[in-house]
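So you can see what is in the structure, the chains are spelled out below.
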Amino acid sequence: MRVVLVDLHPHSDPVTPISLANLAAVLGRLGHRVDLLSLSSGRPFSPAGLRRFFAERRPRLVGFTAYQRNLYQIRAIARMARDEAPGCRVLIGGPQATFLPPAALAALPEVDLVAHGEGELVIRAVVEAIEGGPLTTAVPGTSTRLDDGVWERAAAPPAPDDLDAYPSPWLDGVLDPADWDEAVMLGSRGCPHHCSFCVTPAAFGPAIRAHSVDRILDEIEVVARRGAGRLWFADPNFSYDEQRVHALLEGIARRELEVRMWIETRADMLTPELLGLLAAAGVHTVALGLESAVPRVLERSGKAIDPESVGRAARTALAAGLDVELFSLYGLPGERLGDALATLDFVRSCGVAIRGNSNAQQLQLYFGSAMTRNPEAHGLRPLRDDLPPYLAPGDEFETEWMSRRDLEEVRGAWRAASVDGGRRIVS
Amino acid sequence: MTLFAPGEPAPVAWLYLDRDTPDRRLAERLDLALPGCAWSCHVVATGGDRDGLLLGSVVRHLEREPVAVVHFHQVVDGGLAGAPQLERLLGTAERFQTEAYRERTGARLVPLPILEVAAGGDPRPTLAAAAAAAARLARPSLLLWDEPDQPTVAAAAAHGLRLYLGSPATAGGVVEILTDAHVFDSVLDRLEGPLPLLAPCRPHELVAEGRVFGCARQWRRGLSRAGVEDRSEPEWRPDERLCAGCIADTVAGSARSVVANRRPNEGRELALRTSAALVDAGSPAAAAAVARTAVELSVAGPPRADALVQEALCRLAATQLPAADQALLEAAAQGADPGLVAYHRARVQVAWRDDIEALDRFAEALELGAAVVAPDDLRLEMALSHIRLEEWAEARRHLAGIDGPSAAVAFNLGVCEVNDGHPERALGHLDRALELGPPADDLGRVRFFRGFCLSRLERWAEALADLGLAVGLETPELAHHNLIGVCLFKLGRHREAAASFEAALALDPGSAVDWANLGLNLERLGETGRATASYRRALAIDRSIGFARDGLERLAARPSGPPP
């Protein structure tokens, strides 16, 4: 079957579409013909060219990774695909789709299937269902618009504990490292923590599931030999298992792989010894989740970490020659204007430059987080009741502790302190 | 495999529409071009679009393609006369802004009015109109034909307005001003990115005088690609050969605009780096003009001194030697490192072939100490000056003062020794240079001099081997062919020797000794007619070549017949 998967970044340069590439690898192993489109402002495409592409390929399925920020453009491209390839089905997955409220389905006439389960399993089920003829029952792991127009939801199949059950897009040639200045790697999924602003635990579960060290090393080797050798690990907790990290770093040294790596992890997982090993293996930047420098605010958000330990880890990492990025948010429950400004001072006091990911952003209320499910319980007041049902409040809220004006003041303070004009790299 | 721009590349991000083509024609062109343009593109209408035909075309495109975004830059009169056009633009954008608010996305029609203040006009009402437009989510800018006064600059800065500056000297009018800004912005974006500074700027197309041009530079040169009515698929590729010159001209002419828009530091940084890129690209004269802009944008003291040194180096590379020396003197007055100034002034003298003066400057640099020039580098430069002056002992003295092993030092010691009549010692130095591994560019020189030493020692076959290697490593010159010819002659390989001397003469037909050498080999080959002619050519150029005269006499005395 002919499938087109679309990764769309309308306001930024392209990023390795690792999640869609995982799905493409699954479909490739099943013998389907897949085109993986990476559309972004950094690699211009024309509407006419895109129309011609759909008309020539005539896909039977077009899939998108949906975020709050690209849903409008996804809908436009979905309409285009349906115009040019009549009969093709449209599937959306990704964070916006996984937790999409049922009320939103009717407001998305361009969409036929919304994925809720693990992508690799869902895509296989969707393709099999489309090949099987009319959609008369919901596809496992999706909300499906049946051929009679009614939406029906089916439970997701259980996901494997061992991620090596899935094929690798790097090893199968779905992704060519030569295409990317920086390759995104995903070695594990899931998070055992319960930060109420984050969707990761709900999306992937509390248990961390991982690829084997050998599989990751094989992927790194391909990227190091064929690409620029710059890696960006998207694992939410890169160093959750110290033994595993050691094995990975030793493997990089043993295979003599020259790589430069960006990783994100929790400060309480970093020891001076591990930092030394990371630096020796080619890690250039460690990103740490600080969120707030005020323990009371962290506690209210369910983030069980001591800011002082983050500061210590940051300083130790800087002393080890690594660059450090601190993720932080403002507008958190219980946070007052002074608290938010104290976080800015704290980041600076750690010696961390305010640039890239160290530019704070306002808390975003996305579907799937505990805060979005019940904002009032967290003291958050969404400002709009006229949003389409497929959009979450995002940053359009005030809190019991900070007005819109306060939030703007915090934004201005961060921007004034930024050395790169407040540009974020990752999110 | 991942695809980034399916179907076809979509390079046209900007369309410039000049006022000298009827709006109806331009609207037809827009209807044709927009679907093939990048999904997020810019349309720049310089003519006011009085009847709204161009805006209508844009709206049709946006309605047809909901994925598209158009940034519509429209030059309108900043006074009352332009109010209707401004209102139409802002009013049309409102529906897209409403859509953007509803969907929490960016507006798909972005209004960017360029409010024009005529020469002699009062900018204040226009500033007020710009502020009002900004309040309606437009991103206005001002186009001024007079030098802006300080209150205007301050007000523009306060409102975040960009200033485009024209003058009576702006031959290309509004299009020239806006396309200069386009090129400048394209290059400025690269200060932090991976793209080379001299790569083609943001893709654009220009329609003027009823013709379509691939870029602003092509328009200035009158290189149009098609008529505006042409419906065939145009070629969108820029002519990259023009890019470096275009970028150089634009950055060199940017100082006034950069200052008015309060971005002197960025402008200076861009000028310095563009200048360096132009030197690397082999355009030192253009680089010097750009470096001059960096000087103009630098505050007094070390920043200006650095820019002046950069300018001097460009002028040196462009062999604009008096200007290079002047820039260095100005740099010294701005507090540049005196040792560095002395060093570069010495290099200027070297370029002037005044090694005596250069030696004084190098000595001064050595005495003053330059932070970024190692004393050993200065000693080597001094040795080279002495070598050019054929002062072998002095050259050796400086080379001896250099610490540590160096292929360059060993090579130049070899040069001194062979020229001073010590080929055996020279050979030792050259072998040491080879051991130390000279830079690839110098390897051919080392081989040549090795061959030269061996020839002095009459080790002809070995000499020939080194000279053969030298020819493979550097572009053969007269000396190569001559020396190879001599070796071959000594080895009795007259046919090959003759060919070598012919190769030498192909490079310099005025080389008397090579005519004589050719004659000698032809004589040995029994080609008496050609040998006689060669001897005669040699003597016609230089009557003092005794062996040519002897050869002629021998041939004249010889009875005709086969060679002995």
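Treat the numbers as computed from the prediction; the structure is a model and nothing was measured.

Concerning the sheet that holds strand S3 (residues 40-45) of chain B
Residues and elements named next belong to chain B.
- The strand order across the open sheet formed by nine strands is S7-S6-S5-S4-S3-S2-S8-S9-S10, and the pairing between neighbours is mixed. Here the strands that pair on one side only, and so sit at the sheet edges, are strand S7 (162-165) and strand S10 (224-227). Pairwise comparison of adjacent strand axes, ignoring direction, gives a mean angle of 20° for this sheet.
- Inspection of the sheet shows S3 paired to strand S4 (residues 69-77) by six bridges, in the parallel sense. Across the sheet, the residue bridging to valine 43 is phenylalanine 72, located in S4.
- The strands touched by helix H2 (residues 53-64) within the sheet are strand S2 (14-17), S3, S4 and strand S5 (109-117), with S4 carrying the most contacts at an inclination of about 170°.

A closer look at the packing of helix H25 (residues 528-541) of chain B against helix H26 (residues 546-557) of chain B
Residue and element names in this part refer to chain B.
- For the pair H25 and H26, the least separation of the axes is 9 Å and the interaxial angle reads 145°. Crossing geometry of H25 relative to H26 is assigned as left-handed. In contact with Thr528, Ala531, Thr532, Tyr535, Arg536, Ala538 and Leu539 of H25, H26 contributes Phe547, Ala548, Arg549, Gly551, Leu552, Arg554 and Leu555.
- For the contact of H25 with H26, the per-class residue count stands at eight nonpolar, three polar and three charged.

Quick notes on the packing of aromatic side chains
- Taken as a whole, this structure holds nine aromatic pairs over all chains when the rule is applied.
- Ring centres 6.4 Å apart and planes at 75° place the aromatic pair A:Trp262 and A:Phe327 in the edge-to-face group. Remark: A:Phe327 occurs in strand S14 (residues 323-330) and A:Trp262 occurs in strand S12 (residues 260-265); sequence separation between them is 65 residues. The same class applies to A:Trp262 and to A:Phe327, which are both buried.
- Aromatic pair B:Phe448 and B:Phe449: ring centres 5.6 Å apart, planes at 90°, arrangement edge-to-face.

Some words on the interface of chain B and chain A
- The partner chain A presents 46 residues to the 28 residues of chain B that form the contact.
- Counting the surface lost from both chain B and chain A, the interface buries some 3200 Å², and carbon and sulfur atoms represent 55% of this.
- Viewed at the interface, chain A and chain B are joined by three salt bridges.
- The partner of B:Arg104 in a salt bridge is A:Asp395, with the nearest N and O atoms 3.4 Å apart.
- Inspection of the region where chain B meets chain A yields ten residue pairs in polar contact (both at pLDDT 80 or more).
- Mapped onto the side of chain B that touches chain A, the elements with two or more residues apiece are strand S1 (2-3), H2 and helix H3 (83-103) of chain B.
- Looking at the side of chain B that touches chain A element by element, the count peaks at four residues for H3(B).
- Classifying every residue of the side of chain B that touches chain A by side-chain character gives 14 nonpolar, five polar and nine charged.

A look at the packing of helix H6 (residues 173-189) of chain B against helix H10 (residues 264-280) of chain B
Residue and element names in this part refer to chain B.
- Where H6 meets H10, the axes come as close as 10 Å, and the angle between the chain directions of the two elements is 80°. Here H6 is positioned roughly perpendicular relative to H10, judged by the angle of their axes. Between H6 and H10, the residues in contact are Phe184, Val187 and Leu188 and Glu266, Gly267, Leu270 and Thr274, respectively.
- A breakdown of the residues in the contact of H6 with H10 according to their chemical character gives four nonpolar, two polar and one charged.

Let's talk about the domain arrangement of chain B
- Examined at the domain level, chain B breaks down into domain 1 (14-249), domain 2 (263-335), domain 3 (337-400), domain 4 (404-458) and domain 5 (476-559).
- Between domain 1 of chain B and domain 5 of chain B, the C-alpha centre-to-centre distance is 70 Å.

A few points about the nonpolar core
- A:Ile220, A:Leu278, A:Leu288 and A:Leu326 are the most contacted members of the largest nonpolar core, which totals 87 residues.
- Top contributing element to this core by residue count: helix H1 (residues 18-29) of chain A, with eight residues.
- When residues are assigned to domains, this core turns out to be shared by domain 1 (2-153) and domain 2 (176-417) of chain A, each giving three or more.
- Contacts of A:Leu326, omitting those with residues within four sequence positions, involve A:Leu288, A:Leu290, A:Val310, A:Ala314, A:Val347, A:Cys350, A:Val352, A:Asn357 and A:Ser358.
- Membership of the second largest hydrophobic core comes to 53 residues, among which are B:Val258, B:Leu278, B:Ala336 and B:Met382.

Overview of the pairing of strand S13 (residues 283-291) of chain A
All names here are of chain A.
- Burial within S13 is extensive, with nine of its nine residues counted as buried.
- Pairing of S12 with S13 involves five bridges; the strand directions are parallel. When the bridges of S13 are listed, glutamate 264 appears paired with alanine 287.

Conventions used here
- Residues numbered from 1 in each chain as written.
- Chains lettered and ligands numbered in written order.
- Predicted model: local features only at pLDDT ≥ 70, side-chain atom pairs only at ≥ 80, totals over all residues.
- Heavy atoms only, no water.
- Pairing = 2+ DSSP bridges.
- Helix = DSSP H or I, 4+ residues; strand = E, 2+ residues; numbered from the N terminus.
- Axes fitted to C-alpha atoms, helices over the stretch in contact; angles between N-to-C directions.
- Contact = heavy atoms within 4.5 Å.
- Left-handed = near helix turned anticlockwise from the far one by under 90°.
- Nonpolar A, V, L, I, M, F, W, Y, C, P; charged D, E, K, R; others polar.
- Phe/Tyr/Trp six-rings, centres within 6.5 Å; stacked < 30°, edge-to-face > 60°.
- Buried < 20%, exposed > 50% of the residue type's maximum accessible area, 1.4 Å probe, protein only.
- Buried area = accessible area lost by both parts, 1.4 Å probe.
- Salt bridge = Lys/Arg side-chain N within 4 Å of Asp/Glu carboxyl O.
- Polar contact = N/O pair within 3.5 Å; in protein donor to acceptor, adjacent residues only side chain to side chain.
- Parallel < 35°, antiparallel > 145°, perpendicular 65-115°, else oblique.
- Domains from an automatic or database assignment.
- Core = buried A, V, L, I, M, F, W, Y, C linked by side-chain atoms within 4.5 Å.

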